[in-house]
Amino acid sequence: MDIKAIATHRLDWTGDLLAIGFYEDAIELSGDLAELNTKLAGVIEALIAETEFKGAKSSSAVTRVGVDTPIAKIMLVGLGKAEGMKPDTLRKAGATIARAAKREKAKTLGISLPIWNGDSATTVQVISEGLRLALHQDTRFKSEVEPKHQLKLTAVDLLDFAGNDAAISKAQAICDGVILARELVAAPANVVTPMSMAATAEEIAKDYGFALKILEQAECEALGMGAFLGVAQASEMPPKFIHLTYTPAGTPRRKLAIVGKGLTFDSGGLNIKGAGIETMKMDMGGAAAMFGAAKAIGQIKPDVEVHFISAVTENMISGRAMHPGDILTASNGKTIEINNTDAEGRLTLADALVYTDKLGLDAIVDLATLTGACIVALGDDISGLWSPDQSLADGILAAAELAGENFWQMPLAEKYFDGIKSPIADLKNTGPRGGGSITAALFLKQFVKDTPWAHLDVAGPVWIDKEHGVNNAGATGHPVRTLVNWVLS
Ligand code: BES
Ligand code: MN
Ligand code: ZN
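Residues numbered from 1 in each chain as written. Chains lettered and ligands numbered in written order. Predicted model: local features only at pLDDT ≥ 70, side-chain atom pairs only at ≥ 80, totals over all residues. Heavy atoms only, no water.

Caption draft 1: Spotlight on the packing of aromatic side chains. Going through the model one piece at a time under the given rule, you end up with seven aromatic pairs. Taking the centre distance of 5.5 Å and the plane angle of 50° together, the rings of Phe210 and Tyr246 count as tilted. Within this pair, whereas Phe210 is found in the loop between α6 (194-208) and β7 (211-215), its partner Tyr246 is found in strand β8 (residues 240-246), the two being separated by 36 residues in sequence. Exposure class is identical for Phe210 and Tyr246. Each is buried. Taken together, a centroid distance of 6.0 Å and an interplanar angle of 10° make the contact between Phe210 and Phe308 stacked. Here Phe210 is found in the loop between α6 and β7, whereas its partner Phe308 is found in strand β11 (residues 305-315), with 98 residues between them in sequence. Each member of the pair, Phe210 as well as Phe308, is classed as buried. (Phe/Tyr/Trp six-rings, centres within 6.5 Å; stacked < 30°, edge-to-face > 60°. Helix = DSSP H or I, 4+ residues; strand = E, 2+ residues; numbered from the N terminus. Buried < 20%, exposed > 50% of the residue type's maximum accessible area, 1.4 Å probe, protein only.)

The following block contains the structure:
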């Protein structure tokens, strides 16, 4: 599918489906729209009347114009109130239009949407993202693609937007990243393994000229990564500690790290999970989004140095598994009493954070499908954000707003640290049930000494059961767009 930003006006476009955006309660047909309505024998006016279309957000209507008419079908897309419209409204409109074009079997699509905030580049970027993300379908594990899923659409014209080719390329790079993240999360644990994650890192390094260091088990042992290796010890697969680095051509404006939780499967260990265990192929969602951001950044090439780090393994059971009650020593010397083998993500992140902290960077963001407690608190559409550094937190929240991804800042309430004090070791790996996502964040904080740091608990939004916005049911690729925007900011 080829997206083009062109000078053609909606009055002059010809093709299978023309989609026009309308603000709520501002759907009078005046100016060129009146002219277009006349040209189409009053079909727009009739469609508005028949469907009682008011331009409400996420409403739409489609009808056929005629046979052998310059435009075969017309679509009205509601944008909600003009005042305070966010770029994500246009991203979602792009998704709505894309799904309609697919349903209507259109081969050519013309889109007429308003400019957000006088910024045509952002407008073109977000519409393009909405189109591509809504149309992505993962058929890797189907032996045949059903006819109803075969896309006819080949050409999309963004009307009145000539001169924005760079924005289309940027959207393409970001969508490549989101789609990589979705496909890593959706693939099962017999396909996405620690070895395959290392291979993904190698591919990105080769494609975009990144430096790559993969620490094997012996090197992790030499670095004293007892927390990470404790989690890995029951797996038949070798753990892989991945460190991928993008370095810009000139002097970097900032040096950043993105650290992703990379559990290719989380059985829970000896504190084995019950119902829903099969969903735990998604437990590398943090690392998947980290790779997605790397793939986008490799193409966009910003003037920022970025380190992508993940301690990848599976949490399994065997005669070699960690026992509940074991005491592990992390690479900063802290001892951890394992009171629950299912709180494994924080153990792998502990050693990844100690390693990253030593790189002397300007900021670290970790992201993890860390706790069910975060889903209880915020549901499946909002991720938790914790940071002792408010300007870093604000930067991530601003990046997320532009990305159309939802975050809510949560407290790093030191009082709750009492809940993870151990009588026998420095820390235990889980606290009381209440505030479980907060004690998890406080646990991670113990492993970052010097670098401004933020933690994102993405357990809810990496996966959705029902199509929503630009996402189809399943893996979402959350929060690749936020990470990319944060790096670019
Ligand atoms: N990977 C899970 C968290 C999770 C749950 C992610 C649901 C996505 C969906 C994590 O390793 C885990 O098992 N956390 C435990 C922690 C508890 C033992 C303190 C949890 O949330 O139940
Ligand atoms: Mn777990
Ligand atoms: Zn986990």
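Caption draft 2: The arrangement of the domain arrangement of the chain in detail. Looking at the assigned domains, one finds that the chain contains domain 1 (2-162) and domain 2 (172-488). Computed from C-alpha atoms alone, the centre-to-centre distance between domain 1 and domain 2 is 37 Å. At the interface, 18 residues of domain 1 touch 21 residues of domain 2. Here domain 1 meets domain 2 over a buried area of about 1700 Å², counting both sides, of which 57% is carbon and sulfur. (Domains from an automatic or database assignment. Contact = heavy atoms within 4.5 Å. Buried area = accessible area lost by both parts, 1.4 Å probe.)

Caption draft 3: Examining the coordination of the manganese ion (ligand 2) more closely. At this site the manganese ion (ligand 2) is bound by Asp266 (OD), Asp342 (O), Asp342 (OD) and Glu344 (OE), with donor distances of 2.0 to 2.2 Å. One can describe the site at the manganese ion (ligand 2) as irregular: its six donor atoms subtend angles covering 72 to 166° at the metal. Between consecutive donor residues of the manganese ion (ligand 2), the sequence gaps follow D-x75-D-x1-E. You can call Glu344 buried: its relative accessible area is 0%. (Donors = N, O, S within 2.8 Å, 3.2 Å for Na, K, Ca; no water. Tetrahedral: all angles 85-135°; square planar, octahedral: opposite > 155°, others 65-115°.)

Caption draft 4: Highlighting the site of ligand 1. Among the 16 residues in the neighbourhood of ligand 1, the closest are listed as Lys273, Asp283, Asp342, Glu344 and Gly372. Asp342 places a polar side-chain atom, nitrogen or oxygen, 2.8 Å from an oxygen atom of ligand 1. Against a free-state accessible area of 520 Å², the protein chains account for coverage of 78% of ligand 1. Partitioning the shell around ligand 1 into residue classes produces four nonpolar, five polar and seven charged. (Near = heavy atom within 4 Å. Polar contact = N/O pair within 3.5 Å; in protein donor to acceptor, adjacent residues only side chain to side chain. Areas by Shrake-Rupley, 256 points an atom, 1.4 Å probe, with all protein chains shown as cover. Nonpolar A, V, L, I, M, F, W, Y, C, P; charged D, E, K, R; others polar.)

Caption draft 5: Looking closely at the coordination of the zinc ion (ligand 3). With distances of 2.0 to 2.4 Å, the protein atoms coordinating the zinc ion (ligand 3) are Lys261 (NZ), Asp266 (OD), Asp283 (OD) and Glu344 (OE). Each donor residue of the zinc ion (ligand 3) lies on the same chain, and together they follow the pattern K-x4-D-x16-D-x60-E.

Caption draft 6: Representation of helix α1 (residues 31-39). Listing the buried residues of α1 in full gives Leu33, Leu36 and Asn37. Here the buried residues of α1 occupy an arc of 100° about the axis, which is enough to place them on one side. Opposite its buried face, α1 presents the exposed residues Gly31, Glu35 and Thr38, each directed more than 90 degrees away. In this structure, the buried residues of α1 make contact with β2 (15-22), α2 (43-51) and β4 (71-78). (Arc of directions from axis to C-beta.)

Caption draft 7: Region of interest: the sheet that holds strand β12 (residues 327-329). Within the open sheet, the three strands sit side by side as β12-β13-β17. Their pairing is mixed. At either end of the open sheet lies a strand with only one pairing partner, and these are β12 and β17 (427-428). In this structure, β12 lies alongside strand β13 (residues 335-337), joined through three bridges in antiparallel fashion. From the neighbouring strand, Thr329 faces β13, where its bridge partner is Thr335. (Pairing = 2+ DSSP bridges.)

Caption draft 8: Main features of helix α4 (residues 120-135). An ideal rise of 1.5 Å per residue puts 22 Å on 16 residues; α4 measures up with 23 Å between its terminal C-alpha atoms. Extensive coverage of α4 is indicated by the burial of 14 of its 16 residues. N-cap assignment for α4: the residue whose side-chain oxygen lies 3.3 Å from the backbone N of Ala121 is Asp119. (Expected span 1.5 Å × (residues − 1).)

Caption draft 9: Geometry of the sheet that holds β2. Strand order in this open sheet of six strands is β1-β6-β5-β2-β4-β3, and the pairing throughout is mixed. Two strands lie at the open edges of the sheet, namely β1 (2-6) and β3 (60-64), each paired on one side alone. Direction aside, neighbouring strands of the sheet carry axes that sit 20° apart on average. Of the pairings in the sheet, the one linking strand β5 (residues 108-112) to strand β6 (residues 155-159) comprises four bridges and is parallel in character. Across the sheet, residue Thr108 finds its bridge partner in β6, namely Ala155. (Axes fitted to C-alpha atoms, helices over the stretch in contact; angles between N-to-C directions.)

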